Amino acid sequence: MSPADTGASTVVGAATSPPPSADSRMSPGGPGYRRMSLALFLAGVATFALLYSTQALLPLISGEFGVAASEASWTVAAATGGLALFVLPMSALSERFGRRTVMTGSLVVAVTVGILVPFAPSLGALVVLRALQGAALAGLPASATAYLAEEVRPKALVTAIGLFVAGNSIGGMSGRVITGWVAQEWGWRVAVGVVGALAVACAVAFRLLLPAPKHFTPGSLRPRVLARTVRDHLGDPLLCRLYAIGALFMTVFGGVYTVIGYRLTEDPFGLPQGIVGSIFLVYLVGTVSASTAGRLVGRLGRRGALYLAGGTTATGLLLSLAASLPLVLLGLVLITAGFFAGHAVASSAVSKTATTGRAQASALYQSAYYIGSSAGSTLGATAFHAGGWAGTVGVGVLAVLGVVTITVFGSRAARVAARRVPVGAH
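Visitor: Even after reading the chapter, I still don't get the pattern of salt bridges, so can you show me in this structure?
Guide: The tally for this structure, following the rule as stated, stands at two salt bridges. Across the salt bridge formed by Arg189 and Glu64, the nearest N and O atoms sit 2.7 Å from each other. Residue Arg189 is located in helix H10 (residues 188-209), and its partner Glu64 is located in helix H3 (residues 58-65); the two are separated by 125 residues in the primary sequence. According to the relative accessible area criterion, Arg189 is partly exposed, its value standing at 24%. The exposure class of Glu64 is partly exposed, given its relative accessible area of 42%.

Visitor: Hey, could you run me through the nonpolar core in this one?
Guide: Nonpolar side chains tend to gather and get buried jointly when the protein is soluble and globular. One finds Met36, Leu40, Leu148 and Tyr257 to be the most contacted residues of the largest nonpolar core, which totals 124 residues. In this structure, Met36 is in contact with Met26, Tyr147, Leu148, Val152, Leu210 and Pro211, ignoring residues within four places of it in sequence.

Visitor: When you look at the packing of aromatic side chains in this model, what are you seeing that I'm missing?
Guide: By convention here, two paired aromatic rings are described through the distance between centres and the angle between planes. All told, the structure shown has 10 aromatic pairs when counted by the stated rule. Geometrically, the ring pair formed by Tyr262 and Phe384 is tilted, given 6.3 Å between the ring centres and 40° between the ring planes. One end of the pair, Tyr262, is in helix H12 (residues 237-265); the other, Phe384, is in helix H17 (residues 358-387), with 122 residues separating them in the sequence. Overall, Tyr262 belongs to the buried group, its relative accessible area being 8%. Centroid distance Phe339 to Phe340: 4.8 Å. Interplanar angle 70°. Geometry classified as edge-to-face. Take Phe339 and Phe340: they sit in the same class, and that class is buried. Put simply, the rings of Phe253, Tyr257, Phe339, Phe340, Tyr365, Tyr369 and Tyr370 touch in pairs and so form one group of aromatic residues. Over the ring of Phe97 we find Arg96, and its NZ or CZ is 5.6 Å from the ring centre.

Reading guide: rules and limits
Residues numbered from 1 in each chain as written. Predicted model: local features only at pLDDT ≥ 70, side-chain atom pairs only at ≥ 80, totals over all residues. Heavy atoms only, no water. Salt bridge = Lys/Arg side-chain N within 4 Å of Asp/Glu carboxyl O. Helix = DSSP H or I, 4+ residues; strand = E, 2+ residues; numbered from the N terminus. Buried < 20%, exposed > 50% of the residue type's maximum accessible area, 1.4 Å probe, protein only. Core = buried A, V, L, I, M, F, W, Y, C linked by side-chain atoms within 4.5 Å. Contact = heavy atoms within 4.5 Å. Phe/Tyr/Trp six-rings, centres within 6.5 Å; stacked < 30°, edge-to-face > 60°. Lys NZ or Arg CZ within 6 Å of the ring centre and 35° of its normal.

What follows is the structure, encoded as structure tokens:
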């Protein structure tokens, strides 16, 4: 399908060698594909388990330090904000030193900081450590998607990235479930320590399993080259739309899951911390929806898949307003399914659109995505403080409306571009 058919435009970035023959890349059932999938799945588990390790524990952190939800939420926002700020510089390092090297180094630093987090003497120290941890983890997301774009056949790319995103969902789920039950018995400090140990195991397995890259060509660390690549990506209308969609989807998700613990521990539900942590088992739905995103795009097209993801998320938000626990849980299921499907579709579209400077293109997406997470955590908690759960839902609904609006605009832009293509050009 041509760029005019999809609304994509040609992206010009840092000079790289032409992509190797698709026949030489990994594909499902081929050599190294399973090891690669498992390695990046585990990297996704470690990343999300560490990044959101305090999210399910916010009521306990609020209690220990005597702060409101909006203040405790900074332990989440600082981590995602640190990642958002450093993902572009880390992607530049991966262009020069290699994807596997940067991903390994990022995990090593992140798990080392994770060992220190349980000993934070104050909320301020905890926030600083979490920001450092997020900055360290910045080497994972963009490098992983760039690695996949280089090492996996194009037809299998959406599925491969979906598996990485599925690892994110498993990490987010397991981290929250584990911390919920451990914290109920031994407190939040022991809980985040356990998550750190889990991340160490994932990091070791990742390094042992991930195949050495065969199609990576080192790029330049020259600031001018990096700036030109970033400028060209930001000048691409389709990429900018995808960046905004990722940020808005994550605004919904960050707000909902930062505040849900407060809602479920308060009236009318009054659930204990262990049960609240188990609520995050709904992340399994995200694992399924992310890993099937490729088939969804095949049936509905990219924009159709985004409409479905946005509609599913909005329906879940409205259902979660009910005072019935089963309806709240159903709402969380739909929010989770819609979010992970939308994220997998948008992130894979970035990798396919950017033909050069893929690490920077992915880094800009990840930066926007985690800025959305930080904004969602802060706005969701502030809205909850001001207007209860309905306030948090209101923030989420506005974000979904933004996704739909951008997708509609993209559809119109694609039709206009198609009309401009001369007859016989295809």
